[in-house]
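Chain by chain, the residues run as shown.
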Amino acid sequence: MTRLASDDIADIVDKLEDYDTELISKTGHPLRGIACAAVGVDEFRIRNILGNLRVGVIPITSGEGIISGFCEAVKGILSHMGCRAFVTQATDVAGLAEAFKKKVDIILLSDDECFIALHTESRRVIDNAVATGKGFVAGLSLMASGLKEKNVLVIGCGPVGRSAVEELVGEGARVSICDIDSSRSIALSEEIKRSFNAEIQIAEELDRALTAHQLIIDATPAADIIRTQHITPDTVISVPGVPLGLDSEAQSKISNRLLHDPLQIGVATMLVCAMKFHIKKIC
Ligand code: 2YG
């Protein structure tokens with residue numbers, strides 16, 4: 001699992017308004033709209049519910065410890081989405097106690113391996129990797145005006161890539177997968193066959209797969225794997241992976257048809273996934 005650095009997230013909160021403007025120009029929706037599309041919730045229905053939600057973010061000191069700015073960035077994204085979010089003063093178990101005493105509806109916390117949202121009343125657990133896969137597929141779909149019957153390449157068969165593949169199969173896309181470890185792509189294709197009775201293709205060779213696809217999800221921690229020769233006027237790329245997998249020439253060539261952020265879409269989608277259980281409770 002990629003561990004973010006403070007530099008990756010330092011300016012997220014200050015730039016959320018600008019990011020919404022960028023997202024609207026790329027997908028037609030701001031962050032909240034993309035998260036709602038990812039979860040299949042009507043954005044206008046949840047607006048007032050969000051305003052009443054109390055969300056606690058708990059700093060966790062285990063393992064490699066606190067990432068400076070991480071909880072503040074998560075809290076800033078949640079507040080930008082319209083809910084009442086705060087970072088607990090205490091860390092770890094004391095932070096959990098503080099959140100419960102403050103009667104939160106949703107808790108977000110992350111150690112080195114696992115970043116989750118807990119919906120206190122329904123006791124549901126939302127995993128960041130699953131939500132991130134959903135969110136970036138929704139973004140690709142909005143940029144490409146739908147993915148049904150379209151060929152989509154997913155690079156990286158880790159937790160985020162797996163979630164993206166499941167979403168794409170659900171959207172009726174024709175999915176190819178590629179992973180540096182072929183046992184992971186084989187395992188994922190067998191799992192998709194078993195769970196969805198759907199066939200996905202395994203691309204043995206990344207360069208050839210990138211040349212053959214215009215719709216791409218890059219769910220790897222690899223840099224510079226997507227280069228200028230892979231970018232055509234029809235190429236649209238959604239990158240949940242950190243760092244961004246396009247080299248600088250490919251980035252300038254693809255211009256507006258590229259979606260990437262280190263935390264925002266994943267956290268926004270986690271929140272809407274969590275509150276979706278909340279909506280079920282009230283409707
Ligand atoms: O509470 C803290 O400050 C730390 N325990 C947070 C540690 C987070 C470690 N995980 C990551 O940096 C990423 N997997 C987070 C999600 C990235 C989404 N693309």
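See the structure above.
Residues numbered from 1 in each chain as written. Predicted model: local features only at pLDDT ≥ 70, side-chain atom pairs only at ≥ 80, totals over all residues. Heavy atoms only, no water.

J.: Could you give an account of the site of the ligand, naming the residues involved and the relevant values?
T.: Of all residues adjacent to the ligand, which total 16 residues, the nearest are T2, L4, I60, I67 and S110. A distance of 2.7 Å separates an oxygen atom of the ligand from a polar backbone atom of L4. The backbone of I60 places a nitrogen or oxygen atom 2.8 Å from a nitrogen atom of the ligand. For the ligand, whose free accessible area comes to 520 Å², the fraction covered by protein is 95%. Per-class residue counts for the shell around the ligand are 10 nonpolar, four polar and two charged. (Near = heavy atom within 4 Å. Polar contact = N/O pair within 3.5 Å; in protein donor to acceptor, adjacent residues only side chain to side chain. Areas by Shrake-Rupley, 256 points an atom, 1.4 Å probe, with all protein chains shown as cover. Nonpolar A, V, L, I, M, F, W, Y, C, P; charged D, E, K, R; others polar.)

J.: Requested: an account of the sheet that holds strand β3 (residues 106-110), with residues and values cited.
T.: Reading across the sheet, the five strands line up as β2-β1-β3-β4-β5 and stay open at both edges, with mixed pairing between neighbours. Both outer strands of the open sheet, β2 (84-87) and β5 (124-127), are each paired with one neighbouring strand and no more. If you compare each strand with its neighbour and ignore which way they point, the axes differ by 20° on average. In the sheet, strand β4 (residues 115-119) pairs with β5 via four bridges, with the strands oriented antiparallel. For L118, the partnering residue across the bridge sits in β5 and is V125. Strands β1 (54-58), β2 and β3 of the sheet are contacted by helix α6 (residues 92-101), whose axis makes an angle of about 170° with β1. (Pairing = 2+ DSSP bridges. Helix = DSSP H or I, 4+ residues; strand = E, 2+ residues; numbered from the N terminus. Axes fitted to C-alpha atoms, helices over the stretch in contact; angles between N-to-C directions. Contact = heavy atoms within 4.5 Å.)

J.: An account of the pattern of salt bridges is needed here, citing residue identities and associated values.
T.: Throughout the structure, instances matching the rule amount to 14 salt bridges. A salt bridge links E64 to R3, with the nearest nitrogen and oxygen atoms 3.7 Å apart. One end of the pair, E64, is in the loop between β1 and α5 (70-80); the other, R3, is in the segment before α1 (6-9), and 61 residues separate them in sequence. Judged by its relative accessible area of 61%, E64 is exposed. For R3, a relative accessible area of 31% gives the class partly exposed. As a salt-bridge pair, E22 and K26 come within 2.8 Å of each other at their nearest N and O atoms. Residue E22 and its partner K26 are located together in helix α2 (residues 16-27), separated by four residues, close to a single helical turn. The exposure class of K26 is buried, given its relative accessible area of 15%. Overlapping salt bridges, with partners in common, bring together R3, E64 and D112 in one network. (Salt bridge = Lys/Arg side-chain N within 4 Å of Asp/Glu carboxyl O. Buried < 20%, exposed > 50% of the residue type's maximum accessible area, 1.4 Å probe, protein only.)

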